[in-house]
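Take a look at the letters that make up each chain.
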Amino acid sequence: GQNIDQPTEMTATEGAIVQINCTYQTSGFNGLFWYQQHAGEAPTFLSYNVLDGLEEKGRFSSFLSRSKGYSYLLLKELQMKDSASYLCAAELDSNYQLIWGAGTKLIIKP
Amino acid sequence: DAGVTQSPTHLIKTRGQHVTLRCSPISGHKSVSWYQQVLGQGPQFIFQYYEKEERGRGNFPDRFSARQFPNYSSELNVNALLLGDSALYLCASSIPGQIKNIQYFGAGTRLSVL
């Protein structure tokens with residue numbers, strides 16, 4: 001079966017660092033996506049990892065361990081506008097379909 | 001360039017009715033995927049179309065159907081609506097076959113079934 005787990009909600013302080021974890025179990029795996037979704041809006045692409053390791057893109061970094069079925073999204077220098085849901089999605093290698101986690105709601109406090 | 005556009009934005013229907021949702025992909029994108037997102041959950045895959053052919057289908061009943069037109073736009077049809085069909089329906093377009101098959105989402109159609 002296909003399963004993706006991520007925490008339901010996290011709280012962090014403006015200016016701090018937060019790490020959002022995602023574990024996955026899929027039959028066939030191509031890569032791992034992270035999307036950001038503000039309330040009432042469409043998901044927007046943040047990162048894609050296909051190889052093990054850390055990929056850094058400005059304040060956001062994403063890590064993947066294929067052997068452990070594990071990924072995390074690291075957000076640095078948090079801003080109030082980072083308050084959103086963060087969705088991880090596993091891409092299946094058979095047909096490029098995405099299997100999504102339920103999302104982690106990140107609350108940023110001043 | 002225009003992003004993925006969906007219409008209508010909001011829709012209210014009653015049980016038993018049918019609904020048609022529309023999606024126009026980003027210019028040059030030949031693949032369209034449809035997702036259902038219930039409040040507080042991640043998107044659930046419904047269909048994927050590429051070059052007018054169905055490429056994948058999620059675990060949804062036959063009441064759900066879709067098609068893709070020669071201009072790569074797409075329609076999602078839902079028959080015999082149930083209260084549980086109330087959700088945000090998202091359309092995403094992409095260019096399959098690339099190393100990064102990034103899906104770009106439209107703003108969605110919020111369907112309320114009463």
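Presented here is a report on the structure given in the accompanying data block. Note that this is a predicted model, so its numbers are computed, not measured.

### Concerning the sheet that holds strand β1 (residues 5–7) of chain B
Residue and element names in this part refer to chain B.
Then step 1. Here we have four strands laid out as an open sheet, ordered β1-β3-β8-β7, and antiparallel in their pairing. Among the strands making up the open sheet, the edge pair consists of β1 and β7 (64–68). Strand-to-strand twist across the sheet, computed as the mean angle between neighbouring axes with direction ignored, equals 15°.
Then step 2. In terms of strand pairing, β7 meets strand β8 (residues 74–78) through five bridges, oriented antiparallel. Bridge pairing in β8 links S65 to N77.

### Topic: the sheet that holds strand β6 (residues 53–57) of chain A
Two pairing modes exist for strands in a sheet, parallel and antiparallel, and in both the strands are linked by backbone hydrogen bonds.
Residue and element names in this part refer to chain A.
Then step 1. Within the open sheet, the five strands sit side by side as β1-β3-β8-β7-β6. Their pairing is antiparallel. Each edge of the open sheet is held by one strand with a lone partner, namely β1 (3–5) and β6. Taking each pair of neighbouring strands and ignoring which way they run, the sheet shows an average axis angle of 15°.
Then step 2. Pairing of strand β7 (residues 60–65) with strand β8 (residues 70–75), which is carried by six bridges, proceeds in the antiparallel orientation. From the neighbouring strand, S65 faces β8, where its bridge partner is Y70.

The rules behind each value
- Numbering of residues starts from 1 in every chain and runs along the sequence as written.
- In the order they appear in the text, chains get letters beginning with A and ligands get numbers beginning with 1.
- Since the coordinates come from a predicted model, pLDDT governs what is reported: local features require at least 70, and pairs of side-chain atoms require 80 or more to be given and counted, while whole-chain, interface and lining totals use all residues.
- In computing side-chain values, all of the structure's heavy atoms are included and hydrogens and water are not.
- At least two DSSP bridges between two strands are required for those strands to pair.
- To qualify as a helix, a DSSP run of H or I must reach at least 4 residues; to qualify as a strand, a run of E must reach at least 2; elements of each kind are numbered from the N terminus.
- Lines are fitted to the C-alpha atoms to define the axes, a helix being fitted only along its stretch in contact, and any angle between axes, read from their N-to-C directions, falls within 0 to 180 degrees.

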